[in-house]
2 protein chains.
Amino acid sequence: MVAVQAHKLFFMKYCYVFIFLLMVSFVGQSQQLIGFSVENTARQLEWEKKFDALLKPGDQAEWMKFLSSHPHHVGSPQGKKNATYMADLFREWGYQVEIAEYQVLFPTPKERLLELLGPRPFKAALKEPALKADMTSGQFNEQLPTYNAYSADGDVTAQLVFVNRGIPADYEELERMGVEVKGKIVIAKYGGSWRGIKPKVAAEHGAIGCIIYSDPEDDGYAQGDTYPEGSFRPAEGVQRGSVMDMPVYPGDPLTPGIGATKDAKRLDRKDVMTIMKIPVLPISYEDAIPLLQSLKGEVVPDGWRGSLPFTYHVGPSVDKVHLKLAFNWDIKPLYNVIAKMKGVELPDEWVIRGNHHDAWVNGAADPLSGMVAELDEAKAIGILVKNGMKLKRSIIFCAWDGEEPALLGSTEWVEDHQVELKKKAVAYINTDGNSRGFLGAGGSHIFEPFINQVAEAVTDPQTGVSIRERRYAKTIVDAAPSARAKLMGKKDIKLSALGAGSDWGAFLQYLGISSLNLGFGGEGRGGEYHSIYDSYDMFTRFKDPGFAYGVALSETAGRTVLRLANAEVLPVDFNSFYNTVNDYVNEIMKMLETMRTEEEEQQKMLEEKLYDLAKDPTKILAAPKDKGAVPFLDFSKLENAMVLLKQASGDFKETYKNAVNLPGEKRQELNEILYNAERSLIREKGLPRREWYKHQIYAPGFYTGYGVKTIPGIREAIEERFWDEAQRNIYYVAETIENYTKQVLAANALLQ
Amino acid sequence: MVAVQAHKLFFMKYCYVFIFLLMVSFVGQSQQLIGFSVENTARQLEWEKKFDALLKPGDQAEWMKFLSSHPHHVGSPQGKKNATYMADLFREWGYQVEIAEYQVLFPTPKERLLELLGPRPFKAALKEPALKADMTSGQFNEQLPTYNAYSADGDVTAQLVFVNRGIPADYEELERMGVEVKGKIVIAKYGGSWRGIKPKVAAEHGAIGCIIYSDPEDDGYAQGDTYPEGSFRPAEGVQRGSVMDMPVYPGDPLTPGIGATKDAKRLDRKDVMTIMKIPVLPISYEDAIPLLQSLKGEVVPDGWRGSLPFTYHVGPSVDKVHLKLAFNWDIKPLYNVIAKMKGVELPDEWVIRGNHHDAWVNGAADPLSGMVAELDEAKAIGILVKNGMKLKRSIIFCAWDGEEPALLGSTEWVEDHQVELKKKAVAYINTDGNSRGFLGAGGSHIFEPFINQVAEAVTDPQTGVSIRERRYAKTIVDAAPSARAKLMGKKDIKLSALGAGSDWGAFLQYLGISSLNLGFGGEGRGGEYHSIYDSYDMFTRFKDPGFAYGVALSETAGRTVLRLANAEVLPVDFNSFYNTVNDYVNEIMKMLETMRTEEEEQQKMLEEKLYDLAKDPTKILAAPKDKGAVPFLDFSKLENAMVLLKQASGDFKETYKNAVNLPGEKRQELNEILYNAERSLIREKGLPRREWYKHQIYAPGFYTGYGVKTIPGIREAIEERFWDEAQRNIYYVAETIENYTKQVLAANALLQ
């Protein structure tokens, strides 16, 4: 700002103070809603009150009971029944409903065999027993067996090696310990990464088979009493799940980038990059015990051991393990339910709300707990519309099929409708499993103040304070005393960044549609995940008895949807986005510095042979390999771009308050800029080695899976030490930020 | 320093540079030894070379084999045999030998019963089985049963409660969880504090019995393969040990402050403060399993669970536990072996070297591995003296009896000879169990540069570098990468502070005799501690096969003794003491600040009801109690005292180099000041509530036991929130430091 403008600025500041005081006096106790005029705030709050009153835990219970009554995975009879059931409900509530069907590759087991050979042979049961206390656990004929979808077919016999979590760092450690995995079968603990990373990294290191087991340390007896006494994983419980290489692309593996319609052009299965290269099988800890006990070799490093009552060894085993897997590689139909309530004023602006409905087995918690909350929202909105509420924008409720195998339903629908979605989608709001506890919220950071205002308006059913207050209390109480000072008084929820894990993927990372993911958790912990014990009985005993948090989720996601649908100006704050991205940039620059310092130290340690000197000579532990010098990179273009974004987003924050007063046409122009801004974070060429992922700020990690990598083009290149690629991506991200800033400047121009 | 002195200072500095260059050229490759003239350095190094050549792993093996051939606890036939055996050896090597006998209270079990009542009754085996692979493990008739010495007699029946490690913080947590321990029997895991703390704190909270078990997490299968396949504690292994309240006073409980001679005036047993108030019994994890599984109530907090294969609960149990213990409260004789080699020049200056010889059972590692190293030193010195080495000062080798029950032998001998020791003792050098690995060194900080010079001269048997270099390598390799920058290049060993745990206690903390404790470890880890499996077979397979580190310990402790005995000026550096104590003072002041900040935050959290809001309402967890405001304390007197010490000790460091050139009489006067300086750290009235402990800088923690508390008078008063006591002790410590500084100034005056 130059000096001549100081007077004007001074005047403007006073003006804002005046306007603010005016607002406060007008709205009284209730705050003005972001993006709403004073009078529309009052109207909106009235509707929200009525909305809350329509939510019914009894309805949620009833729907969950039906939907979870039989296994309902992709292609199952109950899966189709559930789609029809929900379509009928939506229709009854006044929605235009469509069942969007796609044809997807979904392998199911034909043969599963896992045995330990040698003098003490053992054959794994690969079977979860029925429990009297769990009504649906005995539906054996309908259940999918325990397996990892998109494993390779295979028949392999080899020695076994324990690889801890099976992430790249574990293999570095194994190499130091002189343990060869080439030609071996590896056994990894669940956890520490998305499961699909484990066989992928194993195959990269030459392993010919992969077994993944649930260690009781993570969700079994070490965490709490096991089912049915408590909620944690019993000895025979198995975590099913997909191992498709989703960090490359999700959705139907045969139709990347296009909808898997009946006549879509399909890849040949043998050309598909994302199907796992080796056979993979998940097992229980009961089945894992004889395998782990067969391992010889060194005792595992400290952090590797689990909670089984014996000493863990890295292997290899003397006795060989035989793993034989064969699958039906069928194309199966899936059924998304798409229910639309048209907006009156802006029907071509879509607020999209989704949750998946398919499960690995009965799936009460995952996904139905979120699904029934969504249904309750849809029901209430349907009634409100009947009672005269005028939606400004259209709302589309989605119930996705095929999320579990590979986000199939949502991805195919988004790919199929990409042209229309790019034009019309305002935002996508996702939920999935839900339980008692604390609000978790992640997504596009432009929504941070907005979500905080929503969270302030929802009352926690257990304590009577707002869910924002309760989450703050938890943050403070759980913080290390030394970290509390920094956190005290800071009640704003910081949105987490979204990686993979549920159906926002295609919306956010493929198309650049601003997205949110909402859910409660922390007090309904258990070990039912992807097992036959994720049932109505389990859920209503341990996870959210009485569905109080189901209703709280409806109140939260419902408000989010309703406010996005009715706001005069979309509730966007570019400044929160700037602050967050700026933190990421600083984090990455600091990471590079740290890598350099540590590399220099490492080189010195190698020169001085400190690893050899410190080592116990009775054990095998070679010095780590020198990874080579860490160069300086030129961040200037990105830093300059960030300075401009800072200024533009700061200006926007100042003038946004005026936006509701803009004349209609200008306001509409502004809204279009606001919801399209996220599109400019898309780079059409995508990320290195995975062009499907186009968002330059958020992506699932190539080697973490669910775990997000922010500014992935730069961050992962640095982590992988691809220095040229890192430098190139600094330019790409800088350009992306420049394009984004242009949108912010365009918005500012309208607001002047 | 004022300006007029600048010229003089300038000249002096140059002078030092010149002297230093002279030294370097004289000594050539080998450094001048601290406290030795150039010519005596050369002579000393020659003797040390010969000393090293006389050390024999075969001798150490042979002595250990004999000494560990039968259980040799206090009052056992083998205990007396061992004393005689060693006395004969010392005598053969030319020492004046005495067996110093004392009569001490040493209870042994008459009856032990532990059972779980109710519908699934269980009676604990309380028995460690013999193993074929372990020659001496079957000597049942000679073994002390598994028990805790100085437990109360008792016959109690009550519900059981799990108290984690049984330290005060655990009871605060239990109180928050609504678990009452009054009238209950508690079960605690070994570890996390000295064992005697557990029943003491339990009794303070109203418990009527205490069981302590070895969780496999700490030294069983979670750490490595169990004995005899590996070195870790087998399912039935039990850790015996004393539970006398040694943080109040060690030694014979009936004769505090005086030697337990035949005719000593004894307390009545019922008046003894240090005998445990409730019955206590140590058990194996095999015996613990049914007891732990009988516990109901909440699942334990995260950090509390161990490695047994079920969910840990805090209790109480429904079924009651019955614990019945009765002991023979006998007075038993103990036999210290005291072997003296007279100094030629200064026979009344004593360098004392000790290790205990009693064990809980066969005790190969604890204590014989250190004992045989000491014997080897004594043997070598005996031969060197025969071959013409003239010791300047006297060396006294001690083999203590009764260390295990309560440092009985050393404490009674020190109390008995306190007048003479105060006058003559130059230093006490202790060792105890030893194994492969890295040098550990603790003690009086005036010896820090000295010990580093010793460590630089000893070669690590596994790597061929000095033991100082190897320890540095380990420190760097084990450091978190983020912490390495601060550590790189800093090769000096920082002495740890001495609390309790072995026989230095009476020397250092009762009389103020500068002390050191030396030992190797880190690569001989196991679970044999205080069990029948601490045997010759175990030791020679897992802990130090070939006795290479036994020899390394002899080289280290032997050099320490020889240099202290022969130095022209004692190798003392007040500056290291200043730096260390200054760190402690800053640490304590920072701790008070942190307590204040955390208390303020806590109050705010309580006011805002954050604990109630964060809490899972299905669980019991009350907000913590408000402990009240943390006042400001006046540290100024201590801070001023530290400034004077800094200056004095800095000056000493500058002029110490001249000391070897002082004329004989003055040098002698200086030496007396140097070894008496530590006496001025003694305050005759002792520490609050435990006057036996008189050292103002080092003491075992009142609630940690072995764990040291530095500047305990202030630190513990602050921790316990006894604010007046803390303030008073700041004055006491300041006075102590002032007195100490006077000694340093007196030394400086001589050196001018």
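The structure displayed is predicted, hence computed values, not measured ones.

## Some thoughts on the overall build of chain A
Right, on to step 1. The number of helices and strands found in chain A is 24 helices and 19 strands.
Right, on to step 2. Its C-alpha atoms give chain A a radius of gyration of 27 Å, near enough to 27 Å, the size a compact globule of 752 residues would have.
Right, on to step 3. Considered along the principal axes of its C-alpha atoms, chain A spans approximately 85 × 65 × 55 Å.
Right, on to step 4. Out of the 752 residues belonging to chain A, those deemed buried represent 55%.
Right, on to step 5. Residue pairs in contact within chain A that sit at least 24 positions apart in sequence constitute 80% of those at least 6 positions apart.

## Remarks on the interface of chain A and chain B
Right, on to step 1. Across the contact, 36 residues belong to chain A and 36 residues belong to chain B.
Right, on to step 2. Only helix 14 (467–478), helix 15 (481–487), helix 19 (574–607) and helix 20 (610–614) of chain A provide two or more residues apiece to the side of chain A that touches chain B.
Right, on to step 3. Looking at the side of chain A that touches chain B residue by residue, the classes come out as 19 nonpolar, six polar and 11 charged.

## Quick word on helix 18 (residues 548–566) of chain B
Right, on to step 1. For helix 18 of chain B, spanning 19 residues, the distance from its first C-alpha to its last is 26 Å, which sits close to the expected 27 Å at 1.5 Å a residue.
Right, on to step 2. Counting buried positions along helix 18 of chain B gives 18 out of 19 residues, so the element sits mostly inside the fold.

## A look at the domain arrangement of chain A
Residue and element names in this part refer to chain A.
Right, on to step 1. If you check the domain split of chain A, you get domain 1 (55–105 + 334–461 + 494–566), domain 2 (108–329) and domain 3 (574–751).
Right, on to step 2. Centre-to-centre, using C-alpha coordinates, domain 2 lies 33 Å away from domain 3.
Right, on to step 3. Facing 17 residues of domain 2, the contacting portion of domain 3 comprises 14 residues.
Right, on to step 4. Broken down by element, the side of domain 2 that touches domain 3 gets its largest block of residues, three residues, from helix 5 (residues 168–176).
Right, on to step 5. For the side of domain 2 that touches domain 3, the per-class residue count stands at 10 nonpolar, four polar and three charged.

## Points about the sheet that holds strand 5 (residues 154–158) of chain A
Right, on to step 1. Read across the sheet, four strands follow the order 3-2-11-5 (chain A) without closing on themselves; strand pairing throughout is antiparallel. Pairing within the sheet leaves two strands with one partner each, and these edge strands are strand 3 (122–123) and strand 5 of chain A.

## Focus: the relation of the copies chain A and chain B
Right, on to step 1. When chain A is fitted to chain B, the best match, at an RMSD of 0.0 Å, comes from turning it 180° and sliding it 0.0 Å along the axis. Interpreted geometrically, this transformation is the action of a two-fold axis.
Right, on to step 2. The residues that chain A uses at the interface reappear at the interface of chain B in 100% of cases, marking a shared surface.

## Concerning the nonpolar core
Right, on to step 1. Among the nonpolar cores identified, the biggest contains 214 residues, and Ile185(A), Val186(A) and Ile211(A) are the most heavily contacted of them.
Right, on to step 2. The element that contributes the greatest number of residues to this core is helix 9 (residues 364–386) of chain A, accounting for 11 residues.
Right, on to step 3. If you look at the next biggest cluster of nonpolar residues, it comprises 213 residues, including Ile283(B), Leu408(B), Ala457(B) and Met538(B).

## Brief notes about the pairing of strand 2 (residues 108–116) of chain A
Residue and element names in this part refer to chain A.
Right, on to step 1. As judged from the eight bridges shared by strand 2 and strand 11 (residues 321–328), these two strands associate in the antiparallel manner. Following the sheet pairing, glutamate 111 is matched in strand 11 by alanine 326.
Right, on to step 2. Pairing of strand 2 with strand 3, which is carried by two bridges, proceeds in the antiparallel orientation. Each bridged residue has a counterpart across the sheet, and for glutamate 115 the counterpart in strand 3 is lysine 123.
Right, on to step 3. Counting the residues in the hairpin turn of strand 2 and strand 3 gives five residues, including glycine 118, whose phi is positive at 95°.

## What about the sheet that holds strand 13 (residues 346–356) of chain B?
All names here are of chain B.
Right, on to step 1. Spatially, seven strands are ordered 1-12-14-13-15-17-16 in an open sheet, and the strand pairing comes out mixed. Among the strands making up the open sheet, the edge pair consists of strand 1 (96–105) and strand 16 (437–443). Direction aside, neighbouring strands of the sheet carry axes that sit 20° apart on average.
Right, on to step 2. Helix-sheet contacts for helix 18 involve strand 13, strand 14 (393–400), strand 15 (425–431), strand 16 and strand 17 (515–522), and the interaxial angle to strand 17 is about 165°.

## Examining the confidence of the model for chain A
All names here are of chain A.
Right, on to step 1. Averaged over all residues, the pLDDT of chain A is 95; the fraction at 70 or higher stands at 96%.
Right, on to step 2. Counting interchain partners and residues more than four positions distant, the pLDDT-below-50 stretch residues 1–30 has 10 contacts.
Right, on to step 3. Here the prediction assigns the complex a pTM of 0.94, and the interface score ipTM is 0.93.

## Quick notes on the packing of helix 3 (residues 57–67) of chain A against helix 9 of chain A
Residues and elements named next belong to chain A.
Right, on to step 1. Where helix 3 contacts helix 9, the axes come no closer than 9 Å and their chain directions differ by 135°. With respect to their mutual orientation, helix 3 and helix 9 come out oblique. Every pair of crossing elements has a handedness; the one defined by helix 3 and helix 9 is right-handed. Each of Asp59, Gln60, Trp63, Met64 and Leu67 in helix 3 lies in contact with helix 9, whose residues at this interface are Ala364, Leu368, Met371, Val372, Ala373, Leu375, Asp376 and Lys379.
Right, on to step 2. Of the residues in the contact of helix 3 with helix 9, the class split is nine nonpolar, one polar and three charged.

## Some thoughts on the packing of helix 9 (residues 364–386) of chain B against helix 18 of chain B
All names here are of chain B.
Right, on to step 1. Closest axis-to-axis distance for the helix 9/helix 18 pair is 8 Å, and the angle between their directions is 55°. One finds that helix 9 runs oblique with respect to helix 18. At the point where helix 9 passes helix 18, the crossing takes the right-handed sense. Contact residues: Ser369, Gly370, Val372, Ala373, Glu374, Asp376, Glu377 and Ala380 in helix 9; Gly550, Leu553, Ser554, Ala557, Gly558 and Val561 in helix 18.
Right, on to step 2. Residues of the contact of helix 9 with helix 18, tallied by class, amount to six nonpolar, five polar and three charged.

Cut-offs and rules
- Residues numbered from 1 in each chain as written.
- Chains lettered and ligands numbered in written order.
- Predicted model: local features only at pLDDT ≥ 70, side-chain atom pairs only at ≥ 80, totals over all residues.
- Helix = DSSP H or I, 4+ residues; strand = E, 2+ residues; numbered from the N terminus.
- Rg over C-alpha atoms; globule rule 2.2 N^0.38 Å.
- Buried ≥ 20, exposed ≤ 12 C-beta atoms within 10 Å, placed from the backbone.
- Contact = placed C-beta atoms within 7 Å.
- Nonpolar A, V, L, I, M, F, W, Y, C, P; charged D, E, K, R; others polar.
- Expected span 1.5 Å × (residues − 1).
- Domains from an automatic or database assignment.
- Pairing = 2+ DSSP bridges.
- Least-squares fit on C-alpha atoms with pLDDT ≥ 70 in both.
- Core = buried A, V, L, I, M, F, W, Y, C linked by C-beta atoms within 7 Å.
- Axes fitted to C-alpha atoms, helices over the stretch in contact; angles between N-to-C directions.
- pLDDT = per-residue confidence, 0-100.
- Parallel < 35°, antiparallel > 145°, perpendicular 65-115°, else oblique.
- Left-handed = near helix turned anticlockwise from the far one by under 90°.

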